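Geometric and topological summary
One letter stands for each residue in the lines below.
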Amino acid sequence: MLENVKKNRNAIGLMGACLINNILYMFLNTFMVAYFITLTNYDYRLISIYYALSFVGILLTFLIFGGIIKNKNQVGVFRSGIILYCVYILTIALLKEKIVDYYAYLGTFYGVVQGLFWVAGHTLINEYTKNVENSFISFKSILSKILKIFFPIIFGASIQLTSFSYIAKIVILLSLIQFSFSLLIKDKEKIHPKKYNLKEYINYIKNNKRFKTAYKISACDGIVHYLLETLITILIVMTFKTTLSLGIITTICSICSILSVYIFQYKLKSNKTILKISSIAMVISVILLLLDTSKVTIIIYNLCNSIFLVLLMNTAETKNYDIINEDKKVIDDYIVEHQVTWQIVLNISRIIGYLVLFIASLFNNMIIFKGLLILVTIVIIFYSKLMINLDNKDKNN
């Protein structure tokens, strides 16, 4: 199956563009968070609003461009997202410390950039990786983790020795490489029997329990993946104080992620076992962190997060693709509508998560911050439970 991915020129182009997007995401959503927090003296209200607005931007972009890319212009929209990504990084490099003055505009702009990239990207992945989704996801995940071994420590040390804005200028080169990968992807005009109709699609799947479960998993993912990542970055920066430490910890955790993906996905056969072990490990690690917030417990929590949460997220992504592929009508007639609905659910949960973080930031209290970690852990348990239920239904069918 992996050979099919390697032979598929479009899949290679998508793989390369998505992997570089992950590096850019790491730079902007880890080190820019750290930069924001340092500039604002550990006040995370601005970063909360920045992210909430970025997810509003993604949501609106999906709603506006969903109909446009259904039959054509997918690669064009995909490439425009990459070009604007380059413009965005150049903007923050030029603004330097003034990014805190323009956080609302930057957040919204970043949302539009990500929206353009993924409104076409998700559809292209569905189109060009049919029958190799699991291989594509696993291969992309492993390569992404390998890149995360080197780049965090490179970014962290470079920012420590120079500045965030200086490194941002260099990162622009990655955007240009990403655009080069997008040139491997061919745009083909498709004739769908149905025009874009979001309302019709929602009516079609509203009584489908498996699709409902998939969207519940997406809602959980908005909290588990994004909000938790920001909380962890805030904890590391507040405790260790330097971007070099942030880079070293991220690199160590990435090595653990690669090992966990290999051991659990290729050696263990029971998804149910994986999910149960993962959720229990996350609960234990957060209890340790709540009892004693120290450098040691933060590292333990990060290691558990990189090992076990990665497994949950990979399983969720795979199950979502599997559920879509079960319904030929959705694949043939409503694939874009599905992606838009998925993003509506995902981004609403993200917005809610960051608004909760903003409310917590008003109190500037460590107890409230720990309460957020408890809330996210409860969501992780529910996240795992939903996937276990899907696994049970798969075995019964």
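Residues numbered from 1 in each chain as written. Predicted model: local features only at pLDDT ≥ 70, side-chain atom pairs only at ≥ 80, totals over all residues. Heavy atoms only, no water.

**Some words on the overall build of the protein chain**
- Looking only at helices and strands, one finds 15 helices and zero strands in the protein chain.
- Across the 397 residues of the protein chain, 55% fall into the buried class.
- Considering only contacts in the protein chain between residues 6 or more positions apart, those separated by 24 or more positions represent 88%. (Helix = DSSP H or I, 4+ residues; strand = E, 2+ residues; numbered from the N terminus. Buried < 20%, exposed > 50% of the residue type's maximum accessible area, 1.4 Å probe, protein only. Contact = heavy atoms within 4.5 Å.)

**Quick word on the environment of Val376**
- Position of Val376 among the secondary structure elements: in helix H15 (residues 366-396).
- Judged by its relative accessible area of 1%, Val376 is buried.
- Beyond its immediate stretch of four places on either side in the chain, Val376 contacts Ile223, Leu227, Leu228 and Leu231.

**Examining helix H5 (residues 103-128)**
- Look at H5: 36 Å from first C-alpha to last across 26 residues, which is about the 38 Å you get at 1.5 Å a residue.
- Counting buried positions along H5 yields 19 of 26 residues, so the element is predominantly enclosed. (Expected span 1.5 Å × (residues − 1).)

**Examining the packing of aromatic side chains**
- Within this structure, the stated rule accounts for 15 aromatic pairs.
- Linked through ring pairs, Tyr25, Tyr50, Tyr51, Phe55, Tyr85, Tyr88, Phe109, Tyr110, Tyr226 and Tyr354 together constitute an aromatic cluster.
- Lys329 extends its terminal NZ or CZ atom over the ring of Tyr204, reaching a point 6.0 Å from the ring centre. (Phe/Tyr/Trp six-rings, centres within 6.5 Å; stacked < 30°, edge-to-face > 60°. Lys NZ or Arg CZ within 6 Å of the ring centre and 35° of its normal.)

**A word on a nonpolar patch on the surface**
- On the surface, a cluster of nonpolar side chains totalling about 560 Å² of accessible area is made up of Ile146, Phe150, Ile153, Ile154, Leu244, Ile248 and Ile252.
- Counting only elements with at least two residues in the nonpolar patch, the list comes to helix H6 (133-161) and helix H10 (243-267).
- Within the secondary structure, Ile252 is located in helix H10. (Patch = residues over 30% accessible without salt bridge, like charges linked within 9 Å, V, L, I, M, F, W, Y side chains within 5 Å. Areas by Shrake-Rupley, 256 points an atom, 1.4 Å probe, with all protein chains shown as cover. Salt bridge = Lys/Arg side-chain N within 4 Å of Asp/Glu carboxyl O.)

**So, the side chain of Ser175**
- Structurally, the position occupied by Ser175 is in helix H7 (residues 164-182).
- Classification of Ser175 by relative accessible area gives buried; the value is 2%.
- Once you skip the residues sitting within four places of it in the chain, Ser175 turns out to touch Leu24, Ile82, Tyr85, Cys86 and Ile89.

**What to know about the environment of Thr230**
- For Thr230, the location among the structural elements is in helix H9 (residues 209-240).
- Distance in space between the C-alpha atoms of Thr230 and Tyr44 is 9.8 Å, their sequence separation being 186 residues.

**Describing the environment of Met26**
- Mapped onto the secondary structure, Met26 falls in helix H2 (residues 9-39).
- In this structure, the C-alpha to C-alpha distance between Met26 and Thr250, residues 224 residues apart in sequence, is 9.7 Å.
- Residues within four places of Met26 in sequence aside, it is in contact with Phe31, Lys148, Phe151, Pro152 and Phe155.

**Some thoughts on unusual backbone geometry**
- Positioned with a positive phi, Lys96 is a non-glycine residue whose angle comes to about 55°.
- Looking at where Lys96 falls in the secondary structure, it is placed in the loop between helix H4 (74-95) and H5.

**Some remarks on the confidence of the model for the protein chain**
- This prediction gives the protein chain a mean pLDDT of 81; 89% of its residues lie at or above 70.
- Helix H3 (residues 45-65) holds the highest mean pLDDT among the elements of the protein chain, 93, whereas helix H1 (residues 2-7) holds the lowest, 48.
- Predicted confidence is poor over residues 1-7, with pLDDT under 50, and the contacts of this stretch with residues over four places away or in other chains come to 15 contacts. (pLDDT = per-residue confidence, 0-100.)

**Here's the deal with the pattern of salt bridges**
- Going through the model one piece at a time under the given rule, you end up with three salt bridges.
- Residues Arg210 and Glu326 are paired through a salt bridge, measuring 2.7 Å at the closest nitrogen-oxygen approach. Linking Arg210 in helix H9 with Glu326 in helix H12 (residues 295-326), this pair joins segments that are 116 residues apart in sequence.
- Taking the shortest distance from any N to any O, the salt bridge between Lys329 and Asp333 comes out at 3.3 Å. With a gap of four residues between them, Lys329 and Asp333 both fall in helix H13 (residues 328-333), about one helical turn apart.

**Structural notes on the side chain of Ser306**
- Positionally, Ser306 belongs in helix H12.
- A distance of 2.8 Å separates a polar side-chain atom of Ser306 from the backbone oxygen of Leu303.
- Aside from chain neighbours lying at most four places away, what touches Ser306 is Cys253, Cys256, Ser257 and Ser260. (Polar contact = N/O pair within 3.5 Å; in protein donor to acceptor, adjacent residues only side chain to side chain.)

**What to know about H4**
- Compared with the 32 Å implied by 1.5 Å per residue over 22 residues, the 32 Å span of H4 between its first and last C-alpha is a close match.
- Buried within H4 are the following residues: Gln74, Val75, Val77, Phe78, Gly81, Ile82, Tyr85, Cys86, Tyr88, Ile89, Ile92 and Ala93.
- As for H4, its buried residues are in contact with H2, H3, H5 and H7.
- Of the residues one or two after H4, Lys96 is the one with positive phi, at around 55°.

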